[in-house]
Structures are given as structure tokens and as C-alpha cells.
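Close look at the chain arrangement
Here are the chains, one letter per residue:
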Amino acid sequence: MSQMLRDARHYEEEQERAIAPEDRPGFHLSARVGWMNDPNGFSRFGGLYHMFYQYHPYDSHWGPMHWGHAVSEDLLRWRHLPCAMAPDMPYDREGCFSGSAIALSDGRHALMYTGVAEEIGPDGTRLQVQTQNLAFGDGAEYVKYERNPVITAADLPAGGSRCDFRDPKLWQEADGSFRALIANDHADGGGRMLLYKSDDLKRWEYVGALAENRDRLGRMWECPDFFELDGKHVLLGSAQDMLPRGFEYHNGNGTFYLLGDFDRESGAFTEESDHAIDYGIDFYAPQTILTPDGRRVMIGWMQNWDTCNLHTPSTPWFGQMSLPRELSVKNGRLYQKPLRELEALRGAAVVHEHVTLCNEEISLPGVSGRMADMEIELEPGESPFNRFAVRFAKDDRFHTTVSFRPGESVLKVDRKFSGSRRAIIHQRRAKVDHERGRLKLRLILDRYSVEVFVNDGEKVMSATLYTDLAADGIAFFADGSLKFSVRFYPLSL
Ligand code: FRU
């Protein structure tokens, strides 16, 4: 083991003691210490779920990327393991960037990741060059392959950038051969997802571009995931520098999915449609796995590159993952539902049915707290209402709001009054389907976040909030008049 990896392990073990469990999310994975970004190597191995992540243990801001590591039996209760990789080789000295993992038939766990190395050109300019690399392990200790890198600039098609060539998604086909889908920037207008194949994981051959951006969805694409679901193929990606398209994408760095069909023989993907994966403030770089019982489950980084650098440097940890979400494809869209194992964390239900709300804000007995699963159904009456809102993480000074204006069909998440002292993005809006104001919402609160599942997972909005935990009130508000029902479950581990 390198001294650099030993140092990281020593540091995280020492520093983690200073973080009380109550100062973290309860059932969302957060950085062991320091900084966390993308999920990496999300896989099942040795009877456990493994999640690695982009990790800078020494600071709560991004820095030389290590791979953090955690395991879980239910995807909700996570146990941190020692840091898995440090940037300790010539080909990854500038960082072990994102990648994926698979269980091999010979009993080993294989990681494929992007190594970043600096090159100094003849004129003194510095270039950060990216290659794809392997590491093999037993679920706790990983050894980098001695012949790394395995995919380099020499394997790029004409016009591909060797500086933006990263985040391999690895999988194995039924015939035992391997595929890797890798994000690459191209002179013709942004990202592409390039497909490679191999019989032994070590020698790779370029197949073709699975999807091309052509200046549609931001610029560089990152972090591909690709799978078959409900008779369709789904390509997940994250795009830098997006422009909004109606309500569909937001400015900045965001996520998208392409639905289509894939011809395994030729490697051609025929796209049918594209949408945002999450319409809230904080969601990026998701990865998926197939659970042993056949569910496709996705976890993303619950943060936003445009705002994640504005927290105080002294925070002992920064960065958390989203809730694991069960995916399905229906009506040409990707649906997301909270992982069903979450229901095991529910306490006794508090139910209020057909509550009348008329130009007022009310709270309801038994409905409060910062770890909760709350199902709300709006039951509009004869006359239309202007606005319904639920406010949570609330006290006299603070609250975060999810509000719905049926006249505009807009659902909004707003954390302006959450205690933030920065001029960051505080609001996002999504168009939602409803029948004359009839709408179903499910809010999952976990101390420092909210995830809003609309109409049984048709759309999701995620946002982090850093409100003091003493603000644990929940209230309901209407401009106009309607009835609503709520099923509230406190959550605990
Ligand atoms: C996405 C990303 C990846 C890269 C990693 C670096 O959030 O930019 O493309 O591998 O983060 O930390």
C-alpha cells in the first residue's frame, strides 16, 4: 500500500471521531470526512452493496481525488470502509476520477476509473490528460493493475479530446465479453459517449459513439450509465454548461436521460426522447445497479457544481448521495420511486384525511420532524385554488417550501429562507401533470435534504438545506381553498 493511501486512511479514521452521527444525514450516505462528489463503482459484491465516491478527505472542498468506500446491506444503513484508492501512480497523480465496478466470475471485484496525469508541452503549457485504468480487489483492498492505463488517447476516434475522456461505465455481456462506455469531448459541439469492447478487460477496441451531443444538452458530457429497462434502453448522463429548454433543463450542470433502442450487435443506439432526470437543485452524476431481485436502482450525488463551493471551509464533511431510487419506464418517461426498503424505517403512521385549508397556514398534530416520509394528496373542491404549499425545517425564522400553483401547473422548491447566507440558487420549478389541481406528492426529509416525488415518481425534485436541526416544524398553506390528506411517517434507523 502506498504511503499516500496509508496517510488518507489514518487521517479519515482520526477525523471522523469529531463528527457526531446526528450531524449527518440519517440514511443518505455522506462523506466519511472532507469532501464527496460523484458516486463511483456502485455495485454488488460479496453479498453487500458497495458504493465508492469521489473523495478528498483533507478538506471539505474538491481536491486531489481519492476513492472513498462504504458498504451496505439495504442501501440505507451505510458503513464506511477505509479509503480504497489514492492518486499515487504516475498515470493518476492528479486524481482518481469517476468510474464503475463489476464482480468478476473469478471472485474478484474490478474497478475501472479515470486517471488524470499532467503533461507539460514543448511550449511549457500544462495539460491534464485522462486515461482509463483498472484495479482489482476483494471488497476492502484494491491493487491497481500493473499495466495501467488500459484505454488511452491512442484509442480515441479522430477529433476526440484526450483531456476530457473520463468516467467509464463498465458492464459484462451475456457472452462474457466486456463493454465500457466513456464520456469524451469533441470539437463538433460537446460530449459524446464512446463505446469500447474487450474480451479480457485489458485490451480494448473502439466500437463507436453511442450518443452524440451536437450542441443540444450543454457542452461536455460526464458520467454515463446505460441499461435495459422495461423493453427500452436508457442512457443516463450529466452535462456541463446547460442552457434551459422551457422547463426541461436548468442553466448550469444538470442531468439527462435518453430513452431509445440498442442494437447489441452493431452497438448502435437509436434515441427517441430526452428529459431531465431530476428537476430540483441538487442532483448530478447518478449511477445504477441491478439488485438481486431485479430492480434497477439509481443513486446520484445530491449536490450542484454551481453552488457546492460556497460552504464554510471549516465544515468537517461536505457532500451526500441521493436516496436510492427504483427506476421504471412508463409512457415514454423514466419513473423514480424511493427504494422500498425505506418503508422499514417508518414509525407509526400519522394520518389526517380530507383536511380543509382555506387561505391559512396550519400545522397538524403529530406532523413534525426532520427525518420523515410524507405522502400528500391534494383534493381540490369546486372552485380552483391559487396555491398550495408545504413548509418544513421550519421555526420562526426559517423554512423551506414546496409549493404548487395549479393555474400554471408549476411545482416549486424554494430554500431561500432555509438559513443560507449566500446568493446561490434557492429555487427550481418543474411543470407537473394534474387534473384540476389533483396532485400526489411524496416528500422524503433526512435532516439536510428534501426529495419530492411527484405523481408516483413521474418527476423528482431534490434539494439540500443546512437549516439548524432545531427548526423541525411542518406547516400547510393555501391561497384559496382545497382539501388535502396526509400520511406522515417519522423515519429512524
Ligand atoms: C463529475 C466529474 C467527473 C469527474 C469527477 C471529478 O461530477 O466532473 O466527470 O470524473 O467529477 O471529481
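Computed from a predicted model, the values in this text were never measured in an experiment.

By the element assignment, Ala-239 lies in strand E14 (residues 232-242). Sequence-distant contacts of Ala-239, defined by excluding residues within four places in its chain, comprise Leu-217, Gly-218, Met-220, Trp-221, Gly-252, Asn-253, Gly-254, Phe-256 and Tyr-284.

For the ligand, the set of nearby residues contains 13 residues, the closest of which are Asp-38, Gln-54, Arg-166, Asp-167 and Trp-305. Contact distances for the ligand include 3.1 Å between an oxygen atom and a side-chain N or O atom of Asn-37. The separation between an oxygen atom of the ligand and a polar side-chain atom of Trp-62 is 3.0 Å. Summarising the interface, the protein chains cover 94% of the accessible area of the ligand, which totals 320 Å² for the free molecule.

Given two aromatic rings, one states the distance between the centres and the angle between the planes to describe the pair. Taken as a whole and judged by the stated rule, the model has 23 aromatic pairs. Considering the side-chain rings of Tyr-53 and Tyr-55, the 5.1 Å spacing of their centres and the 65 degrees angle between planes classify their relative orientation as edge-to-face. With a relative accessible area of 0%, Tyr-53 lands in the buried category. Of the aromatic side chains, those joined through ring pairs into one cluster are Trp-35, Trp-301, Trp-305, Trp-317, Phe-318, Tyr-448 and Tyr-466. Stacked on the ring of Tyr-335, the Lys or Arg Lys-330 has its end atom at 4.3 Å from the ring centre. The ring of Tyr-279 is capped by Lys-459, whose NZ or CZ atom sits 4.8 Å from the centre of that ring.

Attention now goes to the sheet that holds strand E12 (residues 205-212). Spatially, the four strands line up as an open sheet ordered E9-E10-E11-E12, and their pairing is antiparallel. Since the sheet does not close on itself, it has two edges, and those belong to strand E9 (160-172) and E12, each with one partner. On average, each strand axis in the sheet is tilted by 25 degrees relative to the strand beside it, whichever way the strands run. Sheet topology note: the strand E10 (residues 178-186)/strand E11 (residues 190-198) ladder contains nine bridges and is antiparallel. In the sheet register, Arg-179 faces E11, and the bridge partner there is Lys-197.

All right, on to the sheet that holds strand E5 (residues 95-103) then. With antiparallel pairing, four strands are arranged side by side in an open sheet as E5-E6-E7-E8. Lying at the two open borders of the sheet, with one neighbouring strand each, are E5 and strand E8 (142-144). Taken over all neighbouring pairs, the strand axes of this sheet differ in orientation by 30 degrees on average, direction set aside. Bridge count for strand E7 (residues 126-137) against E8 is three bridges, and the pairing is antiparallel. Bridged to Phe-136 within E8 is Val-143.

Turning our eyes to something else, we now look at the domain arrangement of the chain. Taken domain by domain, the chain consists of domain 1 (3-342) and domain 2 (346-490). For domain 1 versus domain 2, the distance between C-alpha centres works out to 31 Å. For the pair domain 1 and domain 2, the summed buried surface comes to about 3,000 Å²; carbon and sulfur atoms form 60% of the total. Three residues, Phe-247, Tyr-279 and Ile-281, lead the burial of domain 1 against domain 2; their summed loss comes to 22% of the area buried on that side. For the pair domain 1 and domain 2, the interface holds two salt bridges. The closest approach of N and O atoms between Arg-415 and Asp-282, which form a salt bridge, is 3.1 Å. Where domain 1 touches domain 2, the interface holds 19 residue pairs in polar contact (both at pLDDT 80 or more). Breaking the side of domain 1 that touches domain 2 down by element, the ones donating at least two residues are strand E19 (317-318) and strand E21 (333-338). Along the lines of polarity and charge, the residues of the side of domain 1 that touches domain 2 split into 16 nonpolar, 11 polar and eight charged.

The rules we used
Residues numbered from 1 in each chain as written. Predicted model: local features only at pLDDT ≥ 70, side-chain atom pairs only at ≥ 80, totals over all residues. Heavy atoms only, no water. Helix = DSSP H or I, 4+ residues; strand = E, 2+ residues; numbered from the N terminus. Contact = heavy atoms within 4.5 Å. Near = heavy atom within 4 Å. Polar contact = N/O pair within 3.5 Å; in protein donor to acceptor, adjacent residues only side chain to side chain. Areas by Shrake-Rupley, 256 points an atom, 1.4 Å probe, with all protein chains shown as cover. Phe/Tyr/Trp six-rings, centres within 6.5 Å; stacked < 30°, edge-to-face > 60°. Buried < 20%, exposed > 50% of the residue type's maximum accessible area, 1.4 Å probe, protein only. Lys NZ or Arg CZ within 6 Å of the ring centre and 35° of its normal. Pairing = 2+ DSSP bridges. Axes fitted to C-alpha atoms, helices over the stretch in contact; angles between N-to-C directions. Domains from an automatic or database assignment. Buried area = accessible area lost by both parts, 1.4 Å probe. Salt bridge = Lys/Arg side-chain N within 4 Å of Asp/Glu carboxyl O. Nonpolar A, V, L, I, M, F, W, Y, C, P; charged D, E, K, R; others polar.

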